[in-house]
Protein chains: 2
Amino acid sequence: MKKEERHQLIIQLLEKENIQKQEELVKALQERDIAVTQATVSRDIKELKLIKVPATGDGYRYSLPVESDEEMNEKLTKLIKNAFVSLDHMDKFVTLKTLPGNASAIANLIDKRFTKELFAILNDDDNILMITKTTQARERLFQELQKYI
Amino acid sequence: MKKEERHQLIIQLLEKENIQKQEELVKALQERDIAVTQATVSRDIKELKLIKVPATGDGYRYSLPVESDEEMNEKLTKLIKNAFVSLDHMDKFVTLKTLPGNASAIANLIDKRFTKELFAILNDDDNILMITKTTQARERLFQELQKYI
DNA sequence: TGTGAATACTAATTCAAC
DNA sequence: GTTGAATTAGTATTCACA
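Remember, predicted model here, so these are calculated numbers, not experimental data. (Residues numbered from 1 in each chain as written. Chains lettered and ligands numbered in written order. Predicted model: local features only at pLDDT ≥ 70, side-chain atom pairs only at ≥ 80, totals over all residues. Heavy atoms only, no water.)

## So, the domain arrangement of chain A
Okay, so step 1: The domain boundaries assigned to chain A delineate domain 1 (3-63) and domain 2 (69-148).
Okay, so step 2: Computed over C-alpha atoms, the centres of domain 1 of chain A and domain 2 of chain A are 32 Å apart. (Domains from an automatic or database assignment.)

## Focus: the protein's contact with DNA strand D
Okay, so step 1: The full set close to DNA strand D counts 19 residues, and A:Arg6, A:Thr40, A:Arg43, B:Gln22 and B:Arg43 are the nearest of them.
Okay, so step 2: In this structure, a phosphate oxygen belonging to DNA strand D sits 3.3 Å away from a side-chain N or O atom of A:Lys3.
Okay, so step 3: Interatomic distance of 2.7 Å between a side-chain N/O atom of A:Arg6 and a phosphate oxygen of DNA strand D.
Okay, so step 4: If you list the elements that add at least two residues to the surface near DNA strand D, you get α1 (3-16) and α3 (38-48) of chain A together with α3 (38-48) of chain B.
Okay, so step 5: Top element by residues in the surface near DNA strand D is α3(B). It accounts for five residues.
Okay, so step 6: Taken together, the residues of the surface near DNA strand D sort by class into six nonpolar, five polar and eight charged. (Near = heavy atom within 4 Å. Polar contact = N/O pair within 3.5 Å; in protein donor to acceptor, adjacent residues only side chain to side chain. Helix = DSSP H or I, 4+ residues; strand = E, 2+ residues; numbered from the N terminus. Nonpolar A, V, L, I, M, F, W, Y, C, P; charged D, E, K, R; others polar.)

## Section: the interface of chain B and chain A
Okay, so step 1: Taken together, the contact pairs 22 residues of chain B with 20 residues of chain A.
Okay, so step 2: Together chain B and chain A conceal approximately 1,700 Å² of surface at their shared face, both sides included; 62% is due to carbon and sulfur atoms.
Okay, so step 3: Ranking the residues of chain B by area buried against chain A places B:Lys46, B:Pro54 and B:Lys133 at the top, with a combined share of 31%.
Okay, so step 4: On inspection of chain B and its partner chain A, the count reaches zero salt bridges. (Contact = heavy atoms within 4.5 Å. Buried area = accessible area lost by both parts, 1.4 Å probe. Salt bridge = Lys/Arg side-chain N within 4 Å of Asp/Glu carboxyl O.)

## Digging into the relation of the copies chain B and chain A
Okay, so step 1: You can overlay chain B on chain A at an RMSD of 2.3 Å; the transform is a turn of 178° with a shift of 1.3 Å along its axis. Such a turn and shift between the copies fits a two-fold axis. Using C-alpha coordinates, one finds that chain B approaches the rotation axis most closely at B:Lys52, a distance of 3.0 Å.
Okay, so step 2: When you check the interface residues of chain B against chain A, 91% turn up at the interface there too, and the contact is symmetric in its surfaces. (Least-squares fit on C-alpha atoms with pLDDT ≥ 70 in both.)

Rendered as C-alpha cells:
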C-alpha cells in the first residue's frame, strides 16, 4: 500500500464516516488492514489539505478541502499542459481533445470552474464536449480555455 | 466588548491577516486592546465554525467557514418557513412569492443550492423567478422547493 | 452566561531508521 | 522519499468564579 493509495482511501473514508480525530482515522485504516500511526495521518492530512471543521452538532470533524479558484486553475493548467491535443468551437459548442485517458479529470474541473457558462459537459476517454448556455458564454469559455494551453 | 463584537472582529482579522495559531489571534486581539486568552479564542473558533486549513505554502492557517449543503438546507428551510407565500411553475419557470423583503436572501441560497438546475434566477423585493435549464430540471427544482415549505 | 487558569487532550514535528 | 516512536506544540475542556 503506497501513500497515494492511502490518500485515496482516506478521501473515501471521510465521505462515508464521521471522522472526528486523527486517531479515528488510524483505526478506520487499521480495520482495512492498513497500519499507520497518528504521525503519518497528520502528514496525510496536511498533504491532502483536509480541514478540521467544528461540527454543527457537537465536536469537530475532518472534511475534504474546499478548492479555491486559484487551485483549480493550477490543476487545470497542469492537466491541460500535459494532455492537450486540440481545442475547437462551433455555435454553442466547444470541444477539447486530449491524450487518451485524460478527458475525465479535465472535464470535471472545467465543469466546476465554468458552471456559469456551461449548460452541459460530457466526455469520453479523450474528448470533451461542452455546450454553453449562450453564444457569449461559448466565447468566454473558449477564450478562457485558450489561456490554459 | 461583548462576545458578538469580538466574533465580528475575528472574522475581519482572518480576512486580512494570516493567522496560523490561536495564540496569534490572541495577540492580534490584544493589539486592538481586547484582552482574551487562548481558551476563549478556542471557543470562539468553535462557535464561528472557523476551520484550520493546511496552507498552500507551509504551515496552517485559520479560515472562514465553508457552508455545507446541509447548512444551506437548514437556512433555506428557516427562511422559507418564515417567509413563504406561494410557489408555482410553468414550462421551465418556477416562481416563489415571499413576504416583502425576503426574496433576496432566499434567492441567493437557491442560486447556490441549485446551480445544476438553474439557468437563471432573479428576484425583486418579494418575488423570485427561476428559469431552469430543462423541463426535467424544473420538475426537480419544484419538487425540492416544495420540501422546504 | 462568559471567562481565565490549569489541565487534558489532540495534532504536528523531530529524529532516527528504513 | 516514507514511516513510527517520542516529543513538543497547539487546542479543547474542565473547573471555579464573576
